[in-house]
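Okay, here's what each chain looks like letter by letter:
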Amino acid sequence: MIFGAYLLVPMLYLKPIPQLSLASLLGVKAFAGGVLLAAFPWIWRLSFSVDRRLNAKQIPCALLGSLLFITVVNLAITQPRVRWAFVEWAKVRTPNPSFARNTLFWEQREFESRAGTTPPARRIALVGSSQTYQSTDLDLLASLTNDRWEKNCLAGFGPMQYPWLSDRLLERRPDVVVCWLSEFDFYREESIPTSRLAWAASPRGVVRLASLLAPSQLWRGRGELADLSLAATVPVWRLRDHLRRTALGYWWNVSRPADGAGDQQVVLAESAGLAGAIENLQENVGRTSFREVNFRSFAMFADRLHEAGIELIVFEGQLHPVAAQSLDPAFHLETRQRLQELASQHYFQYLSGDDVLTLTVDDFADAYHTNAVGRERWTRFVAQTLRQRGMLSPTPDAEL
C-alpha cells in the first residue's frame, strides 16, 4: 500500500523516483493513497451485492453508474487543483511543439511575459499565431520600455479564435493589444475549425460564433456546432483529445523540444521548407466561403476590446517575399482594404504599406517566421510605433 502511493507521483509525471526515506513512506498523502488503492478490491466486491439487489428491481445500473461517473469526473475537473494536476499530467505526454501542448499553457494561463526594471506602467499583450510569437523579443521590449509585455499566442491563431478566446484575453487586463494579420489569416477557412475551437468552448462562445454565420453556413455546420455545444457544457468532452492522448500514451514522455529548436525554449509550430510552404499556401489560401466570417469575427473581437477600454493596434502581416509571390496579389490588397475599413468602423489602428517596416528575405527563417535579425528589427519597430502613438509609458533614455 505505502510503496504504491510512494511511486504514484513518479508514475504520474514520469519523473525519477525520489530517494527512499521513512518520512516519505509515512507521509499523509502516501498513506491516504495507499488506503485508497487497498480499498479498490473491497469496493469492487461490494458492487456485486449492490448490483444484484438493484437489478432485482429492474433499475438500469450500468446507465445510472455511467452518468454518475461522468458527472463526478466533470465536477472534479472543473476544480482548480484537479485541473492543474491534469494539465501537468498531460504536458509530459503531449508532443513538443504542437498545438495541443500550446493549449495546455492557455489552460493554466502560463504566458511568457517580461517587464522593465521599474514598476511597469502599462500591460501590452502580443496576440496572434506563431508568426507573432517568433517575431517579437520580450527581453528586448522589456529593456526598451517600462511596460509589461506578454505573449498570448497560439499556433495557427485564426480570426474565428479571436472572439472565441476574448474572455481569456480580457482576464489578463491588458491596456494595449497588438496583432499581426495578413491575407494568410483571412483567406484559408472552408468550414468551422472544430478541432481548434473545441478545447476552449464555452456557451457564450458558441452563441457568438453562431451569430456570425449565414443561415446556409449554420445548416452545413450543424454537426460542428453540436460538437462545440457539447464541449461547452461537458468538460470531459472538451478535453477529450488530452484525455485520449494521456491514457493511450501514458508511458511516453514526448514533451522534450524537437531537434532543431535552436536557442528558443518554446516553439509553437514547426514550419515546412520554403517549397513545401508555398505548396501549402497555394492549396489553402483562396476565396473561401468563410473569409467574410473571418472578417466579422475580428470585428467582433475589436468591439469587445473597445467596450473594455483596451486599445488595439494591428500591423499588416508579412510572409517570406518568395512565398508571398505565390499568392494572388488581390488577396493582399483586399485584406488591406477590409482592415482599413474595419479600423475606422470599430475603433482600432491599422498600419499597412509604407507605415510598416518591410521585412526582406534576410529577415526570415522560413516562409512564415522571422530569424534573429528579423526579430530584432521588427521588435524595435513595434516598440517605436507604439511609443510614437502614445501607447507606452514614457522612457526617454531608451534607444529604439
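Rules behind the numbers
- Residues numbered from 1 in each chain as written.
- Predicted model: local features only at pLDDT ≥ 70, side-chain atom pairs only at ≥ 80, totals over all residues.
- Heavy atoms only, no water.
- Axes fitted to C-alpha atoms, helices over the stretch in contact; angles between N-to-C directions.
- Helix = DSSP H or I, 4+ residues; strand = E, 2+ residues; numbered from the N terminus.
- Parallel < 35°, antiparallel > 145°, perpendicular 65-115°, else oblique.
- Left-handed = near helix turned anticlockwise from the far one by under 90°.
- Contact = heavy atoms within 4.5 Å.
- Nonpolar A, V, L, I, M, F, W, Y, C, P; charged D, E, K, R; others polar.
- Buried < 20%, exposed > 50% of the residue type's maximum accessible area, 1.4 Å probe, protein only.
- Pairing = 2+ DSSP bridges.
- Salt bridge = Lys/Arg side-chain N within 4 Å of Asp/Glu carboxyl O.

(A) Structural view of the packing of helix H20 (residues 291-307) against helix H22 (residues 329-345). Between H20 and H22, whose axes approach to 11 Å, the crossing angle comes to 30°. Relative to H22, the element H20 lies roughly parallel. As for the relative orientation of H20 and H22, their crossing is right-handed in sense. The residues of H22 that touch H20, namely those facing Glu292, Phe295, Phe298 and Ala299, are Thr335, Arg338, Leu339 and Leu342. Here the contact of H20 with H22 is built from residues that sort into five nonpolar, one polar and two charged.

(B) Structural view of the packing of helix H6 (residues 80-92) against helix H7 (residues 99-107). One way to put it is that H6 packs onto H7 with a least axis distance of 10 Å and a crossing angle of 155°. Looking at the two axes, H6 sits roughly antiparallel to H7. Both H6 and H7 take part in a crossing whose hand is left-handed. Between H6 and H7, the residues in contact are Arg83, Val87, Ala90 and Lys91 and Arg101, Leu104, Phe105 and Glu107, respectively. Of the residues belonging to the contact of H6 with H7, the class tally is four nonpolar, no polar and four charged.

(C) Examining the pairing of strand S4 (residues 176-181) more closely. Within S4, six of the six residues are buried, leaving the element largely enclosed by the surrounding structure. The alternating pattern of S4 places Val176, Val178 and Trp180 and Val177, Cys179 and Leu181 on opposite faces, both of which are buried. Across three bridges, strand S2 (residues 123-128) lies against S4 in parallel orientation. Pairing of Ala125 across the sheet is with Val177, part of S4. One ladder, built from six bridges, connects S4 with strand S5 (residues 311-316); its direction is parallel. Within S5, the position partnered with Cys179 by the bridge is Val314.

(D) Representation of the pattern of salt bridges. Inspection of the entire model under this criterion finds 20 salt bridges. The salt bridge involving Glu110 is made with Lys91; its shortest N-O contact spans 3.1 Å. Taken together, the residues Glu110 in the loop between H7 and strand S1 (113-115) and Lys91 in helix H6 connect sequence positions 19 residues apart. A salt bridge links Glu150 to Arg172; its shortest N-O distance comes to 3.0 Å. Of this pair, Glu150 sits in strand S3 (residues 148-153) while Arg172 sits in the loop between helix H11 (166-171) and S4, and the two are 22 residues apart along the sequence. Relative accessible area serves as the criterion here: at 6%, Glu150 is assigned to the buried category. Each member of the salt-bridge network shares a partner with another, and the members are Asp167, Arg204, Arg208 and Arg304.

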